[in-house]
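# Structure assessment
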Amino acid sequence: GRVPALGDQVEVAGTLRIREDFLSLTVNVPEHLQIARAEPVDHDVGTLVPADQYKRVRVRGQVREVREPYPGLTLITIRDRTGAIPLVVSDDLTALSGLSPTLSVGQSVEVVAAVSLYGDTPQLVPASLADVVPLSQPVPIAVERRIGDLTAADGGQMATVHGTVAEVEPFSSGVKVTLDDATGDIVVLLWQSVYDALPDPAALAVGAQVQAQGEVSQYQGTLELIPELPQDVQTL
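Below you will find a few notes about this structure. What you see is a predicted model, and the numbers here were worked out from it, not measured in a lab.

Another aspect to go through is the side chain of Q123. Positionally, Q123 belongs in strand β10 (residues 121–125). Overall, Q123 belongs to the buried group, its relative accessible area being 13%. Discounting residues that sit within four places of it in the chain, Q123 has contacts with I85, P86, V88, A114, V115, S116, L117 and Y118.

In structure tokens, the structure reads:
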């Protein structure tokens, strides 16, 4: 409990070492490092901005991606209804925590972490992996909407729609599926990687009843819904 983390306030005493281009303070007695860690503030992911740097927050969301950009660093994308943010897990954090990240895509979690910046983009850095807690209850990441109520103003937001497949159109990078729910229609754009990973791609045929969640977008005046994962598309 004496290892400081990003955003902590510390009071420290030790031996000062001075070199031409480097200053260091060696702590000789553990009690000479006092740490004050702020209580986390509940936040929606989409409300976090660069001005929140070093702020300690609590977010709840769903794991959407786990990737390792290079050895020693794992980035876990957490999404809620308002947006997505990377959770940064380094090998150093894993060693200090005495825990390993065991999160899987689709799992709902609660995260307490400090906000840091990658360039101008907020990301989350926990003090310990014990601050990343799987939840038994799923966290919804999309609001159920009628297709006819969606407009260009909803761009960038997550939505869930139900409808009947009216058209299936392959294109160079995937498949476009048009859903109609009697209030309107929308193109569900499935990138090839998502389409190929569906349990039964052939079930997306004209006349099928489908539920899809994804990000609302607009391309050349046409509204689109873009699912991120295969599990975002279900044939009912």
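Right, picking up where we left off after that structure.
Attention shifts here to a nonpolar patch on the surface. A surface patch of nonpolar side chains, about 640 Å² in accessible area, is lined by V10, V12, L16, I18, L23, L25 and V27. As for its position among the elements, L23 is in strand β3 (residues 22–26). Judged by its relative accessible area of 60%, L23 is exposed.

This part takes up the environment of K55. Relative to the assigned elements, K55 resides in the loop between β5 (41–42) and β6 (56–70). On the basis of relative accessible area, K55 is assigned to the partly exposed category, the value being 31%. The sequence separation of K55 and P4 amounts to 51 residues, and the corresponding C-alpha distance is 14 Å. If sequence neighbours within four positions are ignored, K55 has contacts with V41, H43, A113, A114 and V115.

Two elements, strand β13 (residues 158–171) and strand β16 (residues 209–219), share seven bridges in a ladder whose sense is antiparallel. Bridged to H162 within β16 is Q211. Two strands pair when backbone bridges link them, and β16 and strand β18 (residues 233–235) are joined in this way by three bridges, in the antiparallel orientation. Considered in β18, the bridge of A212 is made with V233. Here β16 folds back onto strand β17 (residues 222–226), and the loop between the two strands holds two residues, one of which, Q220, carries a positive phi near 50°.

Once that is clear, we can look at the nonpolar core. Counting 22 residues, the largest nonpolar core has V177, L179, L190, L204 and L225 as the members making the most contacts within it. Secondary-structure elements contributing two or more residues to this core are β13, β14 (174–180), β15 (185–191), α2 (192–196), β16 and β17. In terms of nonpolar packing, the next biggest core, distinct from the first, is built from 19 residues, V59, V89, L124 and L129 among them.

Looking now at the pattern of salt bridges. Within this structure, the stated rule accounts for twelve salt bridges. For R2, the salt bridge goes to E31, with nearest N and O atoms at 3.9 Å. Residue R2 is located in the segment before β1 (9–12), and its partner E31 is located in the loop between β3 and β4 (33–36); the two are separated by 29 residues in the primary sequence. Between R37 and D8 there is a salt bridge whose closest N-O contact spans 2.7 Å. Pair noted here: R37 is in the loop between β4 and β5 and D8 is in the segment before β1, with a separation of 29 residues, a long-range link. Here D8 falls in the buried class, since its relative accessible area comes to 14%.

What counts, and at which threshold
- Residues numbered from 1 in each chain as written.
- Predicted model: local features only at pLDDT ≥ 70, side-chain atom pairs only at ≥ 80, totals over all residues.
- Heavy atoms only, no water.
- Helix = DSSP H or I, 4+ residues; strand = E, 2+ residues; numbered from the N terminus.
- Buried < 20%, exposed > 50% of the residue type's maximum accessible area, 1.4 Å probe, protein only.
- Contact = heavy atoms within 4.5 Å.
- Patch = residues over 30% accessible without salt bridge, like charges linked within 9 Å, V, L, I, M, F, W, Y side chains within 5 Å.
- Areas by Shrake-Rupley, 256 points an atom, 1.4 Å probe, with all protein chains shown as cover.
- Salt bridge = Lys/Arg side-chain N within 4 Å of Asp/Glu carboxyl O.
- Pairing = 2+ DSSP bridges.
- Core = buried A, V, L, I, M, F, W, Y, C linked by side-chain atoms within 4.5 Å.

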